[in-house]
Amino acid sequence: MSDYQAMQAELTGAIAAATDLDALEALRVAALGKAGSVTGLLKTLGSLTPEERQTVGPQIHALREGVTAALAERKAALEGAALEVKLAGERLDMTLPAAAAPRGSVHPVSQVMDELAEIFADMGFAVATGPEIEDDWHNFTALNIPETHPARAMHDTFYFPESSESAAQRMLLRTHTSPVQIRTMMSEGPPIRIIAPGRVYRSDSDATHTPMFHQVEGLVIDRGIHMGHLKWTLETFLKAYFETDDIVLRLRPSYFPFTEPSAEVDVGYKHEKGRRIVGGHGDDAGHSWMELLGSGMVNRRVIANCGLDPDVWQGFAFGVGVDRLAMLKYGMDDLRAFFDGDLRWLAHYGFGALSVPTLSGGISA
Ligand code: PHE
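Predicted model only: the values in this text are computed from it and were never measured.

S.K.: Before we go on, may I ask you to explain the overall build of the protein chain in this structure?
M.R.: Scanning the protein chain from N- to C-terminus turns up 12 helices and 10 strands. Taken against the 2.2 N^0.38 rule, which gives 21 Å for 365 residues, the C-alpha radius of gyration of the protein chain at 35 Å runs more than 25% over that of a compact globule. If you line up the protein chain on its principal axes, its C-alpha atoms span 105 × 50 × 45 Å. In the protein chain, buried positions account for 40% of the 365 residues. Within the protein chain, residue pairs in contact and separated by at least 24 positions form 66% of the contacts whose partners lie at least 6 positions apart. Carbon and sulfur atoms provide 55% of the accessible area of the protein chain, an area that totals close to 19,700 Å².

See below:
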């Protein structure tokens, strides 16, 4: 055995016997560090004659490679063992029952928003969002509601104090989710199929109005879209949401600056034990119509305001009150209770954290 082989055997023996990473690192430095034994041999190569180098060189390089490989192998083994110890120490039996029953519940508004996302995802809609602190342009002007328009007064807007910015940049709390239409058309471009659920704000408060409430906006932009698509979408959505095929809609001509034509959508319902039950034709005996949502074909001017060509792209939009949808389906009668944070109300109307709505499992499961 050459000196080099003997040296390699000695070093690899010590490496294999190293019991922790610190000891291994000390061995590495002693062999391969700047002043290490193997490094020292490599340095001698420069002073050898070419002939000597030809015989000794490969042996020293083999020594270095052998030691390097032994170090790497031992390092991997020690790290693996350390990981095993760590994992064993952190072991958790996931099959054990939770120590305490989960507390709290999912608010009906969150539950309904999850239901809507599930229903519309099945129809190919993505969920879009926008800021609750909006500027005047996105909330009004781009939606064809110019400064002098009476619709602005209807919205009871919470404005931020005027600043040096231009009127279009004046900030406000969004009064509806419709500015998300603008943001999506400008940032995504067509074709678009989105719903945009979220908080909106109006200075208004009684049993059916709170200064903050929730809406979900729907927007479809594509080629050749017409009112038939709108009606089918709303019907399909409401049947899935109320979990009944007995849904009759009435589209009533209406006016919104951002849609043309516009339609208010009513749904037939009847009173049963003091509760409003959605279903049936509103003109049938014992039934009435209830106004449910605003909708229409997106106004050409709105499409143009977003930089799209209204001769190419058409679409429909709708906006629904989410809180109202929740009240109708789950039987609450005072909207203000939604936001009181009363634990008894939440325990009664809330949903289990694990009862995620799915179309296959029943949407309100
Ligand atoms: N933004 C309207 C509102 O808040 C609702 C709406 C949305 C109407 C989209 C038509 C189209 O009252």
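After presenting the structure, the write-up continues.
S.K.: I keep staring at the site of the ligand and nothing clicks. Help me out?
M.R.: The environment of the ligand is made up of 14 residues, and the closest members are His176, Ser178, Arg202, Gln215 and Glu217. Side-chain polar atom of Gln215 to an oxygen atom of the ligand: 3.0 Å apart, as the coordinates give it. Protein contact buries 90% of the 320 Å² of open area that the ligand shows by itself. Ranked by residues supplied to the shell around the ligand, first place goes to strand β10 (residues 314-321) with three residues. The residue makeup of the shell around the ligand, split by class, is four nonpolar, eight polar and two charged.

S.K.: Explanation requested: the packing of helix α1 (residues 3-17) against helix α4 (residues 50-89) in the structure shown.
M.R.: Each pair of packed helices can be summarised by the angle the axes make with each other and by the distance between the axes. Two elements in contact, α1 and α4, have axes separated by 10 Å at closest approach and are oriented at 10°. Compared by their axis directions, α1 and α4 come out roughly parallel. In this structure, α1 contributes Tyr4, Met7, Gln8, Leu11, Thr12, Ile15 and Ala16 to the contact, and α4 contributes Val56, Gln59, Ile60, Ala62, Leu63, Gly66, Val67, Ala70, Leu71 and Arg74. Taken together, the residues of the contact of α1 with α4 break down into 12 nonpolar, four polar and one charged.

S.K.: Teacher, can you tell me more about the domain arrangement of the protein chain here?
M.R.: Quite often, the size of an interface is put as the accessible area lost when its parts meet. The domains assigned to the protein chain are domain 1 (3-89) and domain 2 (108-341). For domain 1 versus domain 2, the distance between C-alpha centres works out to 71 Å.

S.K.: I keep staring at the packing of aromatic side chains and nothing clicks. Help me out?
M.R.: For any pair of aromatic rings, geometry is given as the distance between the ring centres together with the angle between the planes. Across all of its chains, the model carries 11 aromatic pairs by this definition. Measuring from centroid to centroid gives 6.4 Å for Phe237 and Phe318, while their planes differ by 20°, and the two rings are stacked. With Phe237 in helix α9 (residues 227-242) and Phe318 in strand β10, the pair connects residues that are 81 residues apart, well separated along the chain. When its relative accessible area of 0% is taken as the criterion, Phe237 is described as buried. Cluster of aromatic residues (ring-pair linked, three or more members): Phe120, Phe125, Phe237, Tyr241, Phe242 and Phe318. When the ring centre of Tyr241 is taken as origin, the NZ or CZ atom of Lys329, which lies over that ring, is 4.4 Å away.

S.K.: Sorry, what's going on with the side chain of Glu134 here?
M.R.: Residue position: Glu134 is located in strand β2 (residues 133-135). Polar side-chain contacts of Glu134 include one of 2.6 Å to the side chain of Arg183. Sequence-distant contacts of Glu134, that is, excluding residues within four places in its chain, are made with Asn139, Arg170, Met171, Leu172, Arg174, Pro179 and Arg183.

S.K.: Where do I start with helix α2 (residues 21-32) in this structure?
M.R.: Turn by turn, an α-helix covers 3.6 residues, leaving residues three or four places apart pointing in a common direction. Look at α2: 16 Å from first C-alpha to last across 12 residues, which is about the 16 Å you get at 1.5 Å a residue. For α2, the N-terminal capping position is held by Asp20, with its side-chain oxygen 3.0 Å away from the main-chain nitrogen of Asp22.

What counts, and where the lines are drawn
Residues numbered from 1 in each chain as written. Predicted model: local features only at pLDDT ≥ 70, side-chain atom pairs only at ≥ 80, totals over all residues. Heavy atoms only, no water. Helix = DSSP H or I, 4+ residues; strand = E, 2+ residues; numbered from the N terminus. Rg over C-alpha atoms; globule rule 2.2 N^0.38 Å. Buried < 20%, exposed > 50% of the residue type's maximum accessible area, 1.4 Å probe, protein only. Contact = heavy atoms within 4.5 Å. Areas by Shrake-Rupley, 256 points an atom, 1.4 Å probe, with all protein chains shown as cover. Near = heavy atom within 4 Å. Polar contact = N/O pair within 3.5 Å; in protein donor to acceptor, adjacent residues only side chain to side chain. Nonpolar A, V, L, I, M, F, W, Y, C, P; charged D, E, K, R; others polar. Axes fitted to C-alpha atoms, helices over the stretch in contact; angles between N-to-C directions. Parallel < 35°, antiparallel > 145°, perpendicular 65-115°, else oblique. Domains from an automatic or database assignment. Phe/Tyr/Trp six-rings, centres within 6.5 Å; stacked < 30°, edge-to-face > 60°. Lys NZ or Arg CZ within 6 Å of the ring centre and 35° of its normal. Expected span 1.5 Å × (residues − 1).

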